[in-house]
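Close look at the chain arrangement
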Amino acid sequence: RNAAEGISVSAKKAEKSREEIDRLTEAMKRIDATSNEIAEIIVAIEDIASQTNLLSLNASIEAARAGEAGRGFAVVADQIGKLAADSAQSAVTTKELIEKCIDEVNAGNAIVEHTMQAIASIFGEMESFAGNAIGAAEAAQSQLDMMNKIEKGIGQITTIVESNSASAEETSAVSQELAAQASSMENMLDKFRAAGALLLPRS
């Protein structure tokens, strides 16, 4: 019974741990979803950077056509092109980091899933063992009840035997007393017979 109660407590703790792992799994799923959303934003940033770079190239061409008057505009277009290139490179680097993060999250999800399966298996075994322990405790209690009944029956038999023994002793004492009285009466009869013989007239 103590083993069953201990296993029941452990099972409750395991259930609590499983709930915490469930919450961890949900959090990792949210991280995965957020990472995917960020990856989509990075794709949009790459697209904007590409369009900005194309716009900068077109501006540089127009500045070259304008000649001396477009020289300042060409410098601005060149800087815009560099910013676009830097933005595209940063977007690529960020995308790679996010992809790595997503891979790690997926790996973590797999580990959590395996852990959940292991905990579920252990939890099932603990429940089975607890059930067996409870069954053994009930069987032991049943046997104890039967032994108590047997002990009570033996006590009753002992009481009866002791009563019969006392009755037998009493009967034996009465029999001895009756035998003594019979012997005494026999002696008295012999005396009466002897006295009667003396009193008979002689022929």
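Our structure's up above, just so we're on the same page.
Overview of the structure.

Basis of the calculations
Residues numbered from 1 in each chain as written. Predicted model: local features only at pLDDT ≥ 70, side-chain atom pairs only at ≥ 80, totals over all residues. Heavy atoms only, no water. Helix = DSSP H or I, 4+ residues; strand = E, 2+ residues; numbered from the N terminus. Rg over C-alpha atoms; globule rule 2.2 N^0.38 Å. Buried < 20%, exposed > 50% of the residue type's maximum accessible area, 1.4 Å probe, protein only. Contact = heavy atoms within 4.5 Å. Areas by Shrake-Rupley, 256 points an atom, 1.4 Å probe, with all protein chains shown as cover. Lys, Arg positive; Asp, Glu negative; His and termini not counted. Charge placed at Lys NZ, Arg CZ, Asp CG, Glu CD. Salt bridge = Lys/Arg side-chain N within 4 Å of Asp/Glu carboxyl O. Patch = residues over 30% accessible without salt bridge, like charges linked within 9 Å, V, L, I, M, F, W, Y side chains within 5 Å.

1. What to know about the overall build of the protein
- Across its full length, the protein carries 2 helices and 0 strands.
- For a compact globule of 203 residues, the expected C-alpha radius of gyration is about 17 Å, and the protein comes in at 55 Å, more than 25% above that figure.
- Oriented by its inertia axes, the alpha-carbon framework of the protein measures out at about 200 × 20 × 15 Å.
- Residues classed as buried in the protein amount to 16% of the 203 residues present.
- Residue pairs at least 24 apart in sequence account for 86% of intrachain contacts in the protein once pairs closer than 6 positions are excluded.
- Carbon and sulfur atoms make up 61% of the accessible area of the protein, which totals about 15,200 Å².
- Of the charged side chains in the protein, 18 are positive and 31 negative, and the gap between their average positions amounts to 7 Å.

2. Re the pattern of salt bridges
- Evaluated as defined, the whole model comprises 1 salt bridge.
- Close ionic contact of Asp78 with Lys82 constitutes a salt bridge, the shortest N to O distance being 3.8 Å. Residue Asp78 and its partner Lys82 are located together in helix α2 (residues 71-199), separated by 4 residues, close to a single helical turn.
- In this structure Lys82 comes out as partly exposed when scored by relative accessible area, which is 46%.

3. A short note on the environment of Ser60
- Mapping Ser60 onto the fold places it in helix α1 (residues 2-66).
- For Ser60 and Gly135, which are 75 residues apart along the polypeptide, the C-alpha to C-alpha distance reads 88 Å.
- The contact partners of Ser60, leaving out residues within four places of it in the chain, are Ala77 and Asp78.

4. Topic: the environment of Ser56
- As for its placement among the helices and strands, Ser56 is situated in helix α1.
- Separated by 23 residues in the primary sequence, Ser56 and Gln79 place their C-alpha atoms 8.3 Å from one another.
- Setting aside chain neighbours within four positions, we find Ser56 in contact with Ala77, Asp78, Ile80 and Gly81.

5. Digging into the environment of Gly81
- With respect to the helices and strands, the residue Gly81 is situated in helix α2.
- Look at Gly81 and you get buried, because its relative accessible area is 11%.
- Gly81 sits 109 residues away from Asp190 along the chain, and the two C-alpha atoms are 159 Å apart.
- Setting aside residues up to four positions removed in sequence, Gly81 forms contacts with Asn53 and Ser56.

6. Considerations on a nonpolar patch on the surface
- Taken together, the side chains of Leu54, Leu57 and Ile61 present a nonpolar region at the surface, about 270 Å² in accessible area.
- In this fold, Ile61 is placed in helix α1.
- With relative accessibility at 38%, the residue Ile61 sits in the partly exposed group.

7. A look at a negative patch on the surface
- Residues Glu19, Glu20, Asp22 and Glu26 make up a contiguous surface patch of negative charge.
- Mapped onto the fold, Asp22 is located in helix α1.
- Residue classification places Asp22 among the partly exposed positions, given a relative accessible area of 35%.

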